[in-house]
Amino acid sequence: MLGPAPGKRCAVFVDDLSMPSLEQYGAQPPIELLRQLVDHRAWYDQSEKGKPLKEVVDLDFIAAMGPAGGARNPVTPRLLRHFNIVSIDHFSETVLLRIFGSLMDDHLRISGLLASPAGKTLRGATEATVEVLLFAQRELRPTPTKSHYLFNLRDLARVVQGLRMLGREELGADSLKAVRLWVHEVARVFSDRLTSEDDQRALYEFLAQAAREKIREDLPSALRPDYGEAGEGWSVMAKSILFTDLGPGRAVVDEVLPEAREALRTHLTRLLEDHNAMAKRQLSIVLFDYAVMHLLRICRVLKMPFGHAFLIGLGGTGRQSLSRLAASLCDHSEVDLETSRGYTEDQWRDDLRALLLRAGLEGTGCVLLLPDAQIRGGFMLDDINNLLNSGSVPNLFPIEERLQIQERLRAIAKRAGRQDLHDSGTAEEYEQYFVERAREHLHVVLAMSPVGSALRDRIRNFPSLVNCCTIDWFMRWPDEALEAVCEVVLADADLFPEQGRPVATACRVLHQSAELLSAHLERQRRHIYVTPTSYLELLLTYKMLLGTEREKTLRLRAGYERGVQKLLFTADEVQKMRQDLNEKQPRLEQMTRETDLLMQQIERESTQVVAPKQAQIREEEATASKQAQEAQAIKVDCDSDLARALPILAKAQDALNTIKSSHINEIKVLGKPPGPVKRVLQAVCVMCQRKAERTPKKENPKELEENWWYTAQKFMAEKNFLQGLLDFDRDSIPDSVMRKIREQFLPDPDF
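Values in this document were obtained by computation on a predicted structure and should not be read as measured data.

(A) Quick look at the sheet that holds strand β9 (residues 366-371). Pairing within the open sheet is parallel, and its five strands lie in the order β8-β9-β10-β7-β11. Two strands close off the open sheet at either side, each with one partner strand: β8 (333-336) and β11 (470-473). Recorded for the sheet is a direction-independent mean angle of 20° between the axes of neighbouring strands. By the bridge criterion, four bridges tie β8 to β9 in an arrangement that is parallel. When the bridges of β9 are listed, Glu334 appears paired with Val367. In the packing of helix α18 (residues 427-441) onto the sheet, contacts are made with β9 and β10 (442-448), and the angle to β10 comes to roughly 50°.

In structure tokens, the structure reads:
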């Protein structure tokens, strides 16, 4: 059995009961599961095999839903029959005026503006805002391409909240400034989400009508003194009127007039440079008027309590970069989840827990930037939907972590002056306190693209994306934005001053022509999206091609310059040679004459000297021929001797190969070797250039004689004797050795 503590009843509130979509056969599984509990007061627990049916007692249900239509689906009567249905109609205009008029009167009373002209204007602006809300709900209806055209009381509350941001010091008695403040807040809440100029023009015309009826002011006249040259009225409403506290020397929210726009842009550029100097991720942003306008819109949302932004625009419009810069300007830490392809729901829950602990316990201002490219599944948007609507996510923290949070909140409550909560706070009160702190310090910024049906489906399935966020629709870049971006991107392209503006204009025209062509193709159902990213790619491609062509031109120019230099150098050398030739011409003529004389002398001497020499040369040639013939005869004899000697040499080599160490040892121990043996070993010593050992004579020991046998014995006793004979270099025998062999050994018949 399941249920609350004994003696108590539990009330379960089910919001958006009509949200579950119908499956293929018309059923709604979440509704059927809830109907089972209401019908049978029990659920099946599959983990319990013995008693899977769990009875639920002391449980009551309270549900809320909207009428079927749009993103809301019909709920089966089998569930509705269990409820007492109470229909709540839209609040009447009188009720709305009483609610928000009381809030405005309280602000005027506290700020001291109740009796001033500006206070009366703000009171009338509240009534006019109610009319604007009713007009938007009546005329600006949602369509498949404008699915975010959903307006409710939260939008009215945002306008009133913006009007309450300025006090007596900022407004004083200036009723026209109060009118412009009202136009600014209506534009931020209503106009910023409109996707076409026609809708913005219709909204402005109704604003002018409401201003005449409720504020008693003519809207064009109120805008003309300061914004007379800014363009049409709807353009002034949507683009020109700015209130911010980010200007130079500003500490509170105040109006930025047209003449102060350049100073504001310079100040924001300096803040951007400071951010890039400190941040790890550099932001490459061109702060033209369009970007400044969206930057201030995001900053305005982040400075409001419970402020969340929903940025809708094509890729490359600067949604993420402006959001990061806005978070830095508002002294918030930007949280950018690095979701990969395998990013799971558990990882998302871990990141979400860390984010809420950081905001709820540490009190750190956090901005969760979530572009559509990082949304890995519906579970992320489901939690974001709950977080935007109630400030909490069901079942996010386990019970142990809740107890730890409660202990840490106890000390925080004491420091914040919540002594009652510190002393006797319950778990539910601490949980509510944690949610309040998290909602106060956490801001969610969603960045999505309107391309395709994903945005429409998400708005239908998760209504808090529209109901709880301030929507900012990023339209096409205006002309000045396109040209400003072009000038910044091509700043280092080294264009001439007179070329910069024409090139920027040409790039802008090309981009806008592509947009017109894409619109024409879209009517033929051929979708081609021309985005600011395409424009940046155009500029980078032009810059790359310009650099390539410049390098090519510079190479050709350098080649031409080298060629010209060589031609000039050659002409100079030719001129020098011509001058040298002119200077040496007399000397050349004289040398020519001397040469002619010398040739004549040579002809004379050739007849007297050369002829006898030729005869002598012929005689010497004959002698040399005779010697050559003799040398040839000698060569023939040598070749004949060599032919006879080669077989003998081969036999000797073969015989030498048959000798073994044992043979050498036998010869070495002979006391009286035969004469031929001694003769051969003596020849071997001579061939190896061994000197004869001198030993005493037997007849007379006092006298020494050459003992070749003793020399041969010592030679044979050497370790490498036999290998030395095998490796003997027979082609390099000295002439003296050969002469000694030829004279002493070859004539001997016993050798």
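(B) Spatial organisation of empty space enclosed by the protein. One pass over the full model with this rule turns up three cavities of 30 Å³ or more. Taken as a whole, the largest cavity holds about 90 Å³ of empty space. Taken together, 13 residues make up the lining of the largest cavity; nearest its centre are Met165, Phe243, Thr244, Val253 and Arg300. Sorting the residues of the lining of the largest cavity by element identifies α7 (175-189), β5 (242-244) and α12 (289-303) as the ones contributing at least two each. Looking at which element gives the most residues to the lining of the largest cavity, the answer is α12, with four residues. For the lining of the largest cavity, a count of residues per class yields seven nonpolar, two polar and four charged. As a volume, the second largest cavity reaches approximately 70 Å³. Among the residues forming the lining of the second largest cavity, the class breakdown is six nonpolar, two polar and one charged.

(C) Region of interest: the side chain of His308. Among the secondary structure elements, His308 is positioned in the loop between α12 and β7 (309-312). His308 gets classed as buried once you look at its relative accessible area, which sits at 9%. Excluding residues within four positions of it along the chain, His308 makes contact with Val301, Leu388, Leu442, His443, Val444, Cys468, Cys469 and Thr470.

(D) Fine view of helix α11 (residues 261-278). Taking 1.5 Å per residue as the helical rise, α11 with its 18 residues ought to reach 26 Å, and the 26 Å between its terminal C-alpha atoms agrees with that figure. Within the sequence span of α11, burial applies to Arg261, Leu264, Arg265, His267, Leu268, Leu272, His275 and Asn276.

(E) Inspection of the packing of aromatic side chains at higher detail. For the structure on display, the rule yields five aromatic pairs. Where Phe288 meets Tyr290, the ring centres are 6.1 Å apart and the plane angle is 20°; that geometry is what we call stacked. Both residues of the pair, Phe288 and Tyr290, belong to the buried class. Here the aromatic rings of Phe397 and Phe434 are separated by 5.7 Å at their centres, their planes lie at 85°, and the arrangement is edge-to-face. Taken together, the residues span a long stretch of sequence, with Phe397 in the loop between α15 (378-390) and α16 (399-415) and Phe434 in helix α18 at a distance of 37 residues. Overall, Phe397 belongs to the buried group, its relative accessible area being 11%. Each residue in the set Tyr149, Phe151 and Phe190 is aromatic and connected to the rest through ring pairs, giving one cluster. Taking NZ or CZ as reference, Arg439 lies 4.6 Å from the ring centre of Phe306, over its face.

(F) Representation of the packing of helix α4 (residues 117-139) against helix α5 (residues 153-163) in the model. Across the interface, α4 lies against α5 with an axial gap of 10 Å and an inter-helix angle of 160°. Our classification of the angle between α4 and α5 gives roughly antiparallel. Crossing of α4 over α5 shows right-handed handedness. In contact with Leu122, Ala125, Thr126, Thr129, Val130 and Leu133 of α4, α5 contributes Leu153, Leu156, Val159, Val160 and Leu163. Per-class residue counts for the contact of α4 with α5 are nine nonpolar, two polar and no charged.

(G) Quick peek at helix α1 (residues 29-40). Taking 1.5 Å of rise per residue, the 12 residues of α1 would be expected to cover 16 Å, and the 16 Å separating its terminal C-alpha atoms lies within 8% of that figure. Of the positions making up α1, those classed as buried are Ile31, Leu34, Arg35, Leu37 and Val38. Burial along α1 is one-sided: seen end-on, the buried residues are contained in an arc of 160°. As for α1, its buried residues are in contact with β1 (10-14), β2 (42-44), β4 (59-63) and α2 (77-80). Looking one or two residues beyond α1, the residue adopting positive phi is Arg41, at roughly 55°.

(H) Summary view of the pattern of salt bridges. Per the counting criterion, the structure on display carries 30 salt bridges. Here Asp39 and Arg81 are joined by a salt bridge, their closest N and O atoms 3.4 Å apart. Remark: Arg81 occurs in the loop between α2 and α3 (93-111) and Asp39 occurs in helix α1; sequence separation between them is 42 residues. A relative accessible area of 58% places Arg81 in the exposed class. Across the pair Arg324 and Glu334 runs a salt bridge, and its minimum N-O distance is 3.7 Å. In this pair, Arg324 sits in helix α13 (residues 319-329) while Glu334 sits in strand β8, placing the two residues 10 residues apart along the sequence. Since its relative accessible area comes to 10%, Arg324 is described here as buried. Within this structure, Glu32, Arg35, Asp39, Arg78 and Arg81 form a network of salt bridges that share partners.

(I) Expanded view of the side chain of Glu131. Structurally, the position occupied by Glu131 is in helix α4. Taking relative accessible area as the criterion, Glu131 reaches 18% and is therefore assigned buried. Excluding residues within four positions of it along the chain, Glu131 makes contact with Glu93, Phe206 and Lys214.

(J) Region of interest: the environment of Glu93. Along the chain, Glu93 falls in helix α3. For Glu93, a relative accessible area of 28% gives the class partly exposed. Sequence spacing of Glu93 and Thr553 is 460 residues, and the spatial spacing of their C-alpha atoms is 73 Å.

(K) Focus on the environment of Val393. Tracing the backbone through its elements, the reader meets Val393 in the loop between α15 and α16. Accessibility expressed as a relative area gives 8% for Val393, which makes it buried. Other than its neighbours up to four places away in sequence, Val393 contacts Arg349, Leu352, Asp383 and Leu387.

(L) Examining the packing of α5 against α7 more closely. α7 packs onto α5 with a crossing angle of 145° between their chain directions and a minimal axis gap of 9 Å. Considering how the two elements wind past one another, α5 and α7 form a crossing that is right-handed. Between α5, through Asp155, Arg158, Val159, Gly162 and Leu163, and α7, the contact on the second element is made entirely by Leu181, Trp182, Glu185, Val186 and Val189. A per-class count over the contact of α5 with α7 returns six nonpolar, one polar and three charged.

(M) Broad picture of a negative patch on the surface. There is a patch of like negative charges on the surface, built from Asp420, Asp423, Glu428, Glu429 and Glu431. Of all elements in the fold, only α17 (419-424) and α18 reach the threshold of two or more residues within the negative patch. Considering every element that reaches the negative patch, the biggest residue donor is α18, with three residues. The residue Glu428 is located in helix α18 in this model.

(N) Structural view of unusual backbone geometry. In this structure, Asp331 takes a positive phi of about 60° despite not being glycine. Relative to the helices and strands, Asp331 resides in the loop between α13 and β8. Asp331 gets classed as exposed once you look at its relative accessible area, which sits at 68%. You will see that Asn395, though not glycine, has its phi angle at about 60°, which is positive. If you trace the backbone, Asn395 turns up in the loop between α15 and α16.

Rules used throughout
Residues numbered from 1 in each chain as written. Predicted model: local features only at pLDDT ≥ 70, side-chain atom pairs only at ≥ 80, totals over all residues. Heavy atoms only, no water. Pairing = 2+ DSSP bridges. Helix = DSSP H or I, 4+ residues; strand = E, 2+ residues; numbered from the N terminus. Axes fitted to C-alpha atoms, helices over the stretch in contact; angles between N-to-C directions. Contact = heavy atoms within 4.5 Å. 1 Å grid on protein atoms, 1.4 Å probe; cavity = no way out; pocket = protein on both sides within 12 Å on 5 of 7 lines; lining within 4 Å. Points joined across faces, edges and corners; volume = space filled by probe spheres on them. Nonpolar A, V, L, I, M, F, W, Y, C, P; charged D, E, K, R; others polar. Buried < 20%, exposed > 50% of the residue type's maximum accessible area, 1.4 Å probe, protein only. Expected span 1.5 Å × (residues − 1). Phe/Tyr/Trp six-rings, centres within 6.5 Å; stacked < 30°, edge-to-face > 60°. Lys NZ or Arg CZ within 6 Å of the ring centre and 35° of its normal. Parallel < 35°, antiparallel > 145°, perpendicular 65-115°, else oblique. Left-handed = near helix turned anticlockwise from the far one by under 90°. Arc of directions from axis to C-beta. Salt bridge = Lys/Arg side-chain N within 4 Å of Asp/Glu carboxyl O. Patch = residues over 30% accessible without salt bridge, like charges linked within 9 Å, V, L, I, M, F, W, Y side chains within 5 Å. Areas by Shrake-Rupley, 256 points an atom, 1.4 Å probe, with all protein chains shown as cover. Lys, Arg positive; Asp, Glu negative; His and termini not counted. Charge placed at Lys NZ, Arg CZ, Asp CG, Glu CD.

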